[in-house]
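# Residue-level structural notes
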Amino acid sequence: MDQAGERREPTMRDVAALAKVSTKTVSRVINDLPGAGAEVVERVRAAARTLGYRPNLTASSLRRSDKRSATIGVLFEDLSNPFDSALLRAVEDRARHSGVLVLAGSSEDDQSLQRELLVSLSARRVDGVVVMAAGGHQDALQQERERGTPMVLVDRPPTFGSTDCVTTTNRESSREAVLQLASLGHRDIAFLGDRRTLWTSQERYTGYLEGLAQAGLTLREELVRTDLHGADLAETAATELLDLASPPTALFTAQNLVTVGAMRVLRARDLHHHTALIGFDDFPLADMLEPAVTVVRQDVPGLGRKAAELIFARIGGDTSPPVHAVVPASLVRRGSGEISPART
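Residue numbers here run from 1 along each chain, matching the order of that chain's written sequence. Owing to the predicted nature of the model, reporting of local features is limited to residues with pLDDT of at least 70; listing and counting of side-chain atom pairs is limited to 80 or more, with chain, interface and lining totals taken over all residues. Side-chain numbers here rest on the full set of heavy atoms in the structure, without hydrogens or water.

## Brief notes about the packing of helix α5 (residues 82-97) against helix α12 (residues 300-315)
Angles shown run from 0 to 180 degrees and are taken between the N-to-C directions of axes, each axis being a line fitted to C-alpha atoms and, for helices, limited to the stretch in contact. Going along the chain from the N terminus, every DSSP run of H or I of four or more residues is numbered as a helix, and every run of E of two or more is numbered as a strand. Running from N to C, α5 and α12 cross one another at 45°; their axes reach a closest spacing of 8 Å. When the interaxial angle is binned, α5 and α12 end up oblique. When you trace α5 past α12, the crossing you get is right-handed. Where α5 approaches α12, its residues Phe83, Ala86, Leu87, Ala90, Val91, Arg94 and Ala95 are matched on the opposing element by Val300, Pro301, Leu303, Gly304, Arg305, Ala308 and Phe312. In the scheme used here, Gly and all other residues not listed as nonpolar or charged are polar, with Ala, Val, Leu, Ile, Met, Phe, Trp, Tyr, Cys and Pro taken as nonpolar and Asp, Glu, Lys and Arg as charged. Grouping the amino acids of the contact of α5 with α12 by side-chain chemistry returns 11 nonpolar, one polar and two charged. Convention used here: angles under 35 degrees read as roughly parallel, angles over 145 as roughly antiparallel, angles from 65 to 115 as roughly perpendicular, and any remaining angle as oblique. Here a crossing is called left-handed whenever its near helix is offset anticlockwise from the far helix by less than a right angle, and right-handed whenever the offset is clockwise. Here a residue-residue contact requires only that any non-hydrogen atoms of the pair lie within 4.5 Å.

## So, the sheet that holds strand β10 (residues 294-297)
In any sheet, the strands associate via hydrogen bonds between backbone groups, in a parallel or an antiparallel arrangement. The six strands lie next to each other as β7-β6-β8-β9-β10-β12, forming an open sheet whose pairing is mixed. The two strands at the open ends of the sheet, each matched to only one other strand, are β7 (224-225) and β12 (330-332). Paired strands, in this sense, are two strands between which DSSP finds at least two bridges. Both strand β9 (residues 276-280) and β10 contribute to a ladder of three bridges, which runs parallel. Of the residues in β10, the one forming a bridge with Ile278 is Thr294. Together, β6 (189-192), β7, β8 (250-253) and β9 form the strand contacts of helix α9 (residues 199-214), whose direction differs from that of β6 by roughly 170°. Contacts from helix α11 (residues 256-268) reach β6, β8 and β9 within the one sheet, and its direction differs from that of β9 by about 160°.

## Observations concerning empty space enclosed by the protein
Put simply, the grid is 1 Å and covers the protein atoms alone, a cavity is a trapped set of points that fit a 1.4 Å probe, a pocket is an open set with protein on both sides within 12 Å along at least five of seven lines, and lining residues have an atom within 4 Å of a point. Grid points are joined across faces, edges and corners, and a volume is the space filled by probe spheres set on the points. In the structure shown here, the tally under the stated rule is two cavities of 30 Å³ or more. Taken as a whole, the largest cavity encloses approximately 40 Å³ of empty space. Residues that form the lining of the largest cavity fall into these classes: two nonpolar, four polar and two charged. Its volume calculated, the second largest cavity comes out at about 30 Å³. Taken together, the residues that form the lining of the second largest cavity break down as five nonpolar, one polar and three charged.

## Some words on the sheet that holds strand β11 (residues 324-327)
Ordered by their spatial adjacency, six strands build an open sheet running β2-β1-β3-β4-β5-β11, and the pairing between neighbours is parallel. The open sheet has two free edges, formed respectively by β2 (101-106) and β11, since each of these has just one partner strand. Neighbour-to-neighbour, the strand axes of the sheet open up by a mean angle of 20°, direction not taken into account. The pairing of strand β1 (residues 71-76) with β2 spans six bridges and is classified as parallel. Each residue of the ladder has a partner; that of Ile72, found in β2, is Val102. Of the strands in this sheet, β1, β3 (129-131), β4 (151-154), β5 (164-168) and β11 touch α12, which is tilted by about 175° from β5.

## Remarks on the nonpolar core
By convention a nonpolar core is built from buried Ala, Val, Leu, Ile, Met, Phe, Trp, Tyr and Cys residues, the set being connected through side-chain atoms within 4.5 Å. Burial here depends on accessible area, computed with a 1.4 Å probe over protein chains only, as a share of the maximum for the residue type. Under 20% is buried, over 50% is exposed, and the range in between is partly exposed. Membership of the largest hydrophobic core comes to 25 residues, with the highest contact counts inside it found for Phe76, Leu87, Val154, Val166 and Phe312. The set of elements that each furnish at least two residues to this core consists of β1, α5, β4, α12 and β11. The dominant element in this core, judged by the number of residues it contributes, is α12, at eight residues. The residues touching Leu87, leaving out its near neighbours within four places in the chain, are Phe76, Met132, Val154, Val300, Leu303 and Gly304. Formed by 21 residues, the second largest nonpolar core is a distinct cluster that contains Leu242, Met263, Val265 and Val293.

## Topic: helix α6 (residues 111-123)
Each helix should span, by expectation, one fewer than its residue count multiplied by 1.5 Å. Look at α6: 18 Å from first C-alpha to last across 13 residues, which is about the 18 Å you get at 1.5 Å a residue. When we look at burial in α6, the residues that qualify are Gln114, Leu118 and Leu121. One side of α6 holds all its buried residues, which, seen down the axis, span an arc of 65°. Exposed positions of α6 whose direction lies more than 90 degrees from the buried face are Ser112, Glu116, Val119 and Ala123. Among the structural elements, β1, β2, β3 and α7 (139-146) are those in contact with the buried residues of α6. Think of a polar contact as two N or O atoms within 3.5 Å of one another; within protein, one of them needs to be a possible hydrogen donor and the other a possible acceptor, and neighboring residues in sequence only count if both atoms come from side chains. Backbone nitrogen of Ser112 and a side-chain oxygen of the N-cap are separated by 2.8 Å at the start of α6; the cap is Asp110. Arg125 sits one or two residues past α6 and shows a positive phi near 60°. Arc definition: it is the arc formed by the directions from the helix axis to the C-beta atoms.

## Notes on the layout of surface pockets
One number sums up the size of the second largest pocket: a volume of about 290 Å³. For the second largest pocket, the lining is made up of 23 residues, of which Glu77, Asn81, Arg156, Asp194 and Gln255 are closest to its centre. Listed by contribution, the elements that provide at least two residues to the lining of the second largest pocket are α5, α9 and α11. For the lining of the second largest pocket, the leading source of residues is α9, giving three residues. Looking at the lining of the second largest pocket residue by residue, the class counts come to four nonpolar, eight polar and 11 charged.

## Structural notes on the environment of Ser174
Here Ser174 shows up in helix α8 (residues 170-183). It is 13 Å that separates the C-alpha atoms of Ser174 and Leu277, two residues lying 103 residues apart in sequence. When residues no more than four places from it in sequence are discounted, the contact partners of Ser174 are Thr169, Arg204, Gly207, Tyr208, Phe252 and Phe280.

What follows is the structure, given as structure tokens:
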């Protein structure tokens, strides 16, 4: 106890005294450095557990020869989005196995906020960052990378060099979704997409166009709605489409929150059994609706694991050429995407 009656935090010297070793030996064991025998390591760890010793990781990282902090930063667009939160969980699971803490934040697709968060993570000496790039230019990310910070971009590739990234089959899977609808006889297929500044949105729209072309269908510009950031804007867009004199018989919604907004409108108008819908990205309870929602499902755990694998390899000193890893998505047929226009 100190003079104020509070319990004093045990120090490295206390651990060394109990384990009957030097403080240098304790430091080596705590920082997982070689040089101590198995019996000594176990004795030091047992002493630390007995005393309730907790190392000062910030101070330890300053003393360690590799200068690592045993932390990584994760910056995604919106951690309340089921896709982003599942992606974060996959990275966390891998980090936990390496004894690494994850510091995470949401950039809200705001470049200024993303820059601010990058500066904050850098000040905390994170060993590397996994980032979902905000739309538009990537100057802040490039500057951080040029400072030597290991970095992996996920969901969207970098516009600069020497950086790993992990994406999915956005274009190919979108084309497959449109061809699925066309194979049922749909000729008026609408596209509802996220912000046009996002690479994923651009790729999915291109896949939509390729699907129409491959099916021999003509693009109707009035059936295209983009820059739908969130379910509310998607509801408005879906309402406008269904109010057209010649409305679409099928919807391809290119983001999970856009899918949610469109489904609300279909159900409110009792069209969910008559207008086909395929969404890109799965979402909670999509398989519990009636009809269940057909989706292009990304392998989110696979994306997260691959991003974590790459960032830890770079932190560990891997200097091989940058990697663009592609984790395939799959079309999951559940019912809403199998409605034929004959039933409208």
